[in-house]
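Listed here are the chains, written in short residue letters.
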Amino acid sequence: MRLTDFHERVTLRFGATYGASVLADHVLTGFGRTAAQAIEDGVEPREVWQALCVDFDVPRDQW
């Protein structure tokens, strides 16, 4: 998954404002850091998206 696709999915799922907050403020259960920090640290966007989906109970067909 490209980073642009990741950001599009976040915006579509959470909205622009709340999505930005989720990326910056929510500490991912599986990573122990925020999604923004994980991306900065080089974690694949697909892995970060999947972690967000788990934490926010996104239906599996929308992963």
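Numbers given for residues are sequential positions, taken from 1 along each chain in its written order. Under the rules for a predicted model, residues below a pLDDT of 70 receive no local features and side-chain atom pairs below 80 are neither given nor counted, while totals for whole chains, interfaces and linings still include all residues. For the side-chain quantities, the full set of heavy atoms in the structure was used; hydrogens and water were omitted.

Going by an unreviewed UniProt entry, the protein carries the name Signal transduction histidine kinase and comes from Mycobacterium shimoidei.

### Some remarks on the overall build of the protein
Inclusion rule: The secondary structure listing takes helices from DSSP runs of H or I that are at least 4 residues long and strands from runs of E that are at least 2 residues long, numbered from the N terminus. The quantity called the radius of gyration is restricted to C-alpha atoms. Its globule counterpart is 2.2 Å times the number of residues to the power 0.38. Each residue's exposure class comes from its accessible area (1.4 Å probe, protein chains only) as a fraction of the maximum for that residue type: buried when under 20%, exposed when over 50%, partly exposed otherwise. In these tables, accessible area is a Shrake-Rupley quantity obtained with a 1.4 Å probe, and a residue counts as shielded only by the protein chains included in the view. Charged residues are defined here as Lys and Arg on the positive side and Asp and Glu on the negative side; His and the ends of the chain fall outside this count. Charge coordinates come from a single atom per side chain, which is NZ of Lys, CZ of Arg, CG of Asp or CD of Glu.
For the protein, the count of helices and strands is four helices and zero strands. Relative to the compact-globule value of 11 Å for 63 residues, the protein shows a C-alpha radius of gyration of 10 Å, a close match. On the principal axes, the C-alpha backbone points of the protein span a range of 25 × 20 × 20 Å. In the protein, which comprises 63 residues, the share counted as buried stands at 29%. Accessible surface computed for the protein: about 4,000 Å², of which carbon and sulfur atoms make up 50%. Separation of charge centres in the protein, based on 6 positive and 10 negative side chains, amounts to 6 Å.

### What about the environment of His-26?
Test applied: Contact between two residues is taken to exist if any of their heavy atoms lie within 4.5 Å; hydrogens are not considered.
Here His-26 is to be found in the loop between α2 (16–25) and α3 (35–40). Ignoring any residue separated from it by four or fewer positions in sequence, one finds His-26 in contact with Ser-21, Arg-33, Thr-34, Ala-35, Asp-55 and Phe-56.

### Regarding the environment of Phe-14
Take Phe-14: it is sitting in helix α1 (residues 3–14). Judged by its relative accessible area of 13%, Phe-14 falls in the buried class. Along the chain, Phe-14 and Gln-50 lie 36 residues apart, while their C-alpha atoms are 14 Å from each other. The contact partners of Phe-14, leaving out residues within four places of it in the chain, are Gly-19, Val-22, Trp-49 and Phe-56.

### Some thoughts on the packing of α1 against α2
Stated precisely, the cut-off is as follows: Every axis corresponds to a line fitted to the C-alpha atoms, with the helix fit spanning only the stretch in contact, and the corresponding angles, defined between N-to-C directions, vary from 0 to 180 degrees. Put simply, angles under 35 degrees are roughly parallel, angles over 145 are roughly antiparallel, angles from 65 to 115 are roughly perpendicular, and the rest are oblique. Note on convention: near helix rotated counterclockwise from far helix by under a right angle means a left-handed crossing. Clockwise means right-handed. Residue polarity follows a fixed list, in which Ala, Val, Leu, Ile, Met, Phe, Trp, Tyr, Cys and Pro are nonpolar, Asp, Glu, Lys and Arg are charged, and the others, Gly among them, are polar.
Taken N-terminus to C-terminus, the directions of α1 and α2 make an angle of 120°; their axes are 7 Å apart at the nearest point. Classified by the angle between their axes, α1 and α2 sit oblique to one another. You can see that α1 and α2 cross each other, and the crossing is right-handed. When α1 is examined against α2, the residues Phe-6, His-7, Val-10, Thr-11 and Phe-14 are found in contact with a partner set consisting of Ala-16, Tyr-18, Gly-19, Val-22 and Leu-23. Counted by class, the contact of α1 with α2 contains seven nonpolar, three polar and no charged residues.

### Regarding the environment of Ala-38
Here Ala-38 is to be found in helix α3. Considering only alpha carbons, one finds Ala-38 and Val-48, 10 residues apart in sequence, at a separation of 7.1 Å.

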